Amino acid sequence: MSLRTIRLEGDEILRKKSKEVTAMTPRLRQLVEDMLDTMYESAGVGLAAPQVGILKRIVVIDVGEGPCVLINPEIIDRFGSQTGMEGCLSVPGKSGQVTRPNEVTVRALDENMKEFVYTGTELMARAICHECDHLDGILYTDLVEGDLVDEEDEYGYEEE
């Protein structure tokens, strides 16, 4: 188990566009494993390679249905709309209201560089959009409707 350091908002790498993966190498396989370990250890539901300082088009997601690895993901269809609170491991302690599609279909490669198409709904759709945005240098904070709030405020915790 290797944990990677999560880059935080303000780090310039989070605003850069990631490069396509052209071949799966042992080093990239290790990156995928490290990203999953880092995501789980940080109690996140998704993590994109730029968040650990690597400008490659790789995301990992687990919304409670088991890990999903997307290499070179491309959203090819969107349907419906959902608005809800969103947070990010690169913006700890904050959340904000964001509108996303309620269903998305993504074309990607798996860890064996085999193409597949996957449709996610609700939280999975939100996670796919959020993580794919990271690959293009977009943070959810760019899309927040209204103000960011402290997560403690969002969940009704009172300061002592």
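Model, not experiment: these values are computed from the prediction.

Analysis parameters
For every chain, the first residue of its written sequence is number 1, and the numbers climb from 1 along that sequence. Reporting of local features is limited, given that this is a predicted model, to residues whose pLDDT is at least 70; pairs of side-chain atoms are given and counted only at 80 or more, and all residues count toward the totals for whole chains, interfaces and linings. Computation of side-chain values: all heavy atoms of the structure, hydrogens and water removed. For helices the rule is a DSSP run of H or I covering at least 4 residues; for strands it is a run of E covering at least 2, with both sets numbered from the N terminus onward. Throughout this description, buried means an accessible area under 20% of the type-specific maximum (1.4 Å probe, protein chains only), exposed means over 50%, and partly exposed covers the range between. Contacts are assigned to residue pairs that have any heavy atoms within 4.5 Å of one another. We call a pair of cysteine sulfur atoms a disulfide whenever their separation is within 2.5 Å. Each helix should span, by expectation, one fewer than its residue count multiplied by 1.5 Å. Two strands qualify as a pair provided DSSP detects at least 2 bridges between them. Fitted lines through C-alpha atoms give the axes, limited to the stretch in contact for helices. The angle between two N-to-C directions lies from 0 to 180 degrees. Whenever a carboxyl oxygen of Asp or Glu lies within 4 Å of a side-chain nitrogen of Lys or Arg, that contact is scored as a salt bridge.

For the rest of this paragraph, the subject is the environment of Leu-3. Looking at the secondary structure, you find Leu-3 in the segment before α1 (26–41). A residue is classified by how much of its surface remains accessible, and Leu-3, at 46% relative accessible area, is partly exposed. Residues Leu-3 and Thr-38 lie 35 residues apart in sequence; the distance between their C-alpha atoms is 4.9 Å. If we skip the residues at most four places from it in the chain, Leu-3 touches Asp-37, Thr-38 and Glu-41.

Moving on: the state of the cysteines. As enumerated under the stated definition, the model contains zero disulfides in all. Cys-132 takes part in no disulfide bond, and the closest cysteine sulfur, belonging to Cys-129, lies 7.1 Å away.

Under the 1.5 Å per step criterion, the end-to-end length of α1 is 22 Å for 16 residues, consistent within 8% with the ideal 22 Å. Where α1 is buried, its residues contact β1 (46–48), β2 (58–61) and β3 (68–79).

Let's shift gears to the sheet that holds strand β5 (residues 91–100). Read across the open sheet, the three strands follow the order β4-β5-β8; overall the sheet is antiparallel. Only two strands of the sheet have a single partner each, and these edge strands are β4 (82–88) and β8 (149–150). Strand direction decides the pairing type here: β4 and β5, joined by six bridges, are antiparallel. Its bridge partner lying in β5, Gln-82 is registered against Arg-100. Most of the contacts of helix α2 (residues 122–135) go to β4, to which it runs at about 55°, and overall it touches β4 and β5.

In spatial order, the strands read β1-β2-β3-β6-β7; together these five strands make up an open sheet with antiparallel pairing. Bordering the open sheet on either side are β1 and β7 (115–121), each of which pairs with just one other strand. Neighbouring strand axes in the sheet, compared pairwise and without regard to direction, differ in orientation by 40° on average. Summarising the sheet, β1 and β2 pair through three bridges and their orientation is antiparallel. Looking across to β2, one finds that Gly-46 is bridged to Ile-61. Across the sheet, α1 lies against β1, β2 and β3, angled at about 35° from β2, the strand it touches most.

Inspection of the entire model under this criterion finds twelve salt bridges. A salt bridge links Arg-57 to Asp-136, with the shortest nitrogen-to-oxygen separation between them at 3.2 Å. With Arg-57 in the loop between β1 and β2 and Asp-136 in the loop between α2 and β8, this residue pair connects regions lying 79 residues apart in the sequence. On the accessibility criterion, Arg-57 (11% relative accessible area) is buried. Measuring nitrogen to oxygen at the nearest pair gives 2.8 Å for the salt bridge that ties Arg-100 to Asp-133. You can see Arg-100 sitting in strand β5 and its partner Asp-133 sitting in helix α2, a full 33 residues away along the chain.

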